[in-house]
Structure formats: C-alpha cells, structure tokens
Amino acid sequence: IRRIVVFCPLSEEAMIGIARHVCRRLIDQWRRKRDIVVEISEDVVTAIGRLGHRRNEESRQQEGGRIIQKLLDDILQDRLQRLMHAELPHHLTHE
C-alpha cells in the first residue's frame, strides 16, 4: 500500500457547494445542448444540498457528493424535460 486516503464526512455547507456546482453544470448543459435558459434559485440549490446531506448521513456517508447528481436527476431533470415537452407544439415532441 503506497497511500491511504482518509475521507472526512461532507458537511452540509460542502453539500450545498456541490449542489451549486452541479446546478451550474446543468444550466450550462441545457443552454448549450438545447438552447434553453434554465434558472435555479439559491433556495432550490440550498434545499437540494441539505437534502443531499441528510441522505448522505442516513447512508453513513456512503453516498458522498454523488447523491447530489442523483437528486438533481430525480427532482429537476425529469421535471424540466416534462415541462419542455408540455410547452412545445405537439408535432415537435412526437414523431
């Protein structure tokens, strides 16, 4: 064994920071790939970070920051895609 890496549990503030970073990536991705502007309020970022922290604690720190991406996929991505399809004309969303 050459190295041992010790991971400390992520704090709630760290999880909120991860949520902020992942949300920025999501916003950028939707802008670049779909030419759609998505706005995510700081309240939503904070709520996702706190929920991620709570879920990570419940898993005994097994999830780590990965839980944030999972939550964003479940909470935001699915809703954004449903909204996008609901607002586009029928002939553009169904082939």
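Cut-offs applied
- Residues numbered from 1 in each chain as written.
- Predicted model: local features only at pLDDT ≥ 70, side-chain atom pairs only at ≥ 80, totals over all residues.
- Heavy atoms only, no water.
- Helix = DSSP H or I, 4+ residues; strand = E, 2+ residues; numbered from the N terminus.
- Rg over C-alpha atoms; globule rule 2.2 N^0.38 Å.
- Buried < 20%, exposed > 50% of the residue type's maximum accessible area, 1.4 Å probe, protein only.
- Expected span 1.5 Å × (residues − 1).
- Salt bridge = Lys/Arg side-chain N within 4 Å of Asp/Glu carboxyl O.
- pLDDT = per-residue confidence, 0-100.
- Contact = heavy atoms within 4.5 Å.

**Student:** Even after reading the chapter, I still don't get the overall build of the protein, so can you show me in this structure?
**Tutor:** In terms of helices and strands, the protein carries 4 helices and 0 strands. Scanning the protein from its N terminus toward the C terminus, one meets helices and strands in the order α-α-α-α. For 95 residues, the compact-globule estimate of 2.2 N^0.38 gives 12 Å, and the protein exceeds it by more than 25% at 17 Å. Viewed in the frame of its principal axes, the protein has a C-alpha envelope of about 60 × 30 × 20 Å. The burial tally for the protein puts 28% of its 95 residues in the buried class.

**Student:** How should helix H1 (residues 12-34) be read in this particular structure?
**Tutor:** For H1, spanning 23 residues, the distance from its first C-alpha to its last is 32 Å, which sits close to the expected 33 Å at 1.5 Å a residue. Of all the positions in H1, only Met15, Ile16, Ala19, Val22, Cys23, Leu26 and Trp30 are classed as buried. Two residues or fewer past H1, Asp35 is found with a positive phi of approximately 55°.

**Student:** I'm lost on the pattern of salt bridges in this one. Help?
**Tutor:** Between side chains of opposite charge, a pair can form as their charged atoms come close. Applying the stated criterion across every chain yields a total of 5 salt bridges. With a closest N to O distance of 3.3 Å, Arg50 and Glu12 form a salt bridge. Note that Arg50 is positioned in helix H2 (residues 42-58) and Glu12 in helix H1, a separation of 38 residues in sequence. Put simply, Glu63 and Lys70 hold a salt bridge, and the shortest N to O gap is 2.8 Å. Given a relative accessible area of 21%, Glu63 falls into the partly exposed group. Assessed through its relative accessible area of 41%, Lys70 is described here as partly exposed. Linked through salt bridges whose partners overlap, the residues forming this network are Asp28, Arg31 and Arg32.

**Student:** Looking at this model, I keep getting lost on the confidence of the model for the protein. Mind explaining?
**Tutor:** Parts of the prediction with low pLDDT should not have their coordinates interpreted in detail. Residues at a pLDDT of 70 or more form 91% of the protein, whose mean pLDDT is 87. In the model of the protein, helix H4 (residues 90-93) stands out as the element of lowest mean pLDDT, 46, in contrast to H2, which has the highest, 96. Scored below 50 in pLDDT, residues 90-95 makes 2 contacts in the model with residues more than four places away or belonging to other chains.

**Student:** Just to check I follow, could you spell out the environment of Gly52 for this structure?
**Tutor:** Relative to the helices and strands, Gly52 is located in helix H2. Between the C-alpha atoms of Gly52 and Leu76, which are 24 residues apart in sequence, the distance is 14 Å. With sequence-adjacent residues up to four places away left out, Gly52 is seen in contact with Met15, Ile67, Ile68 and Leu71.

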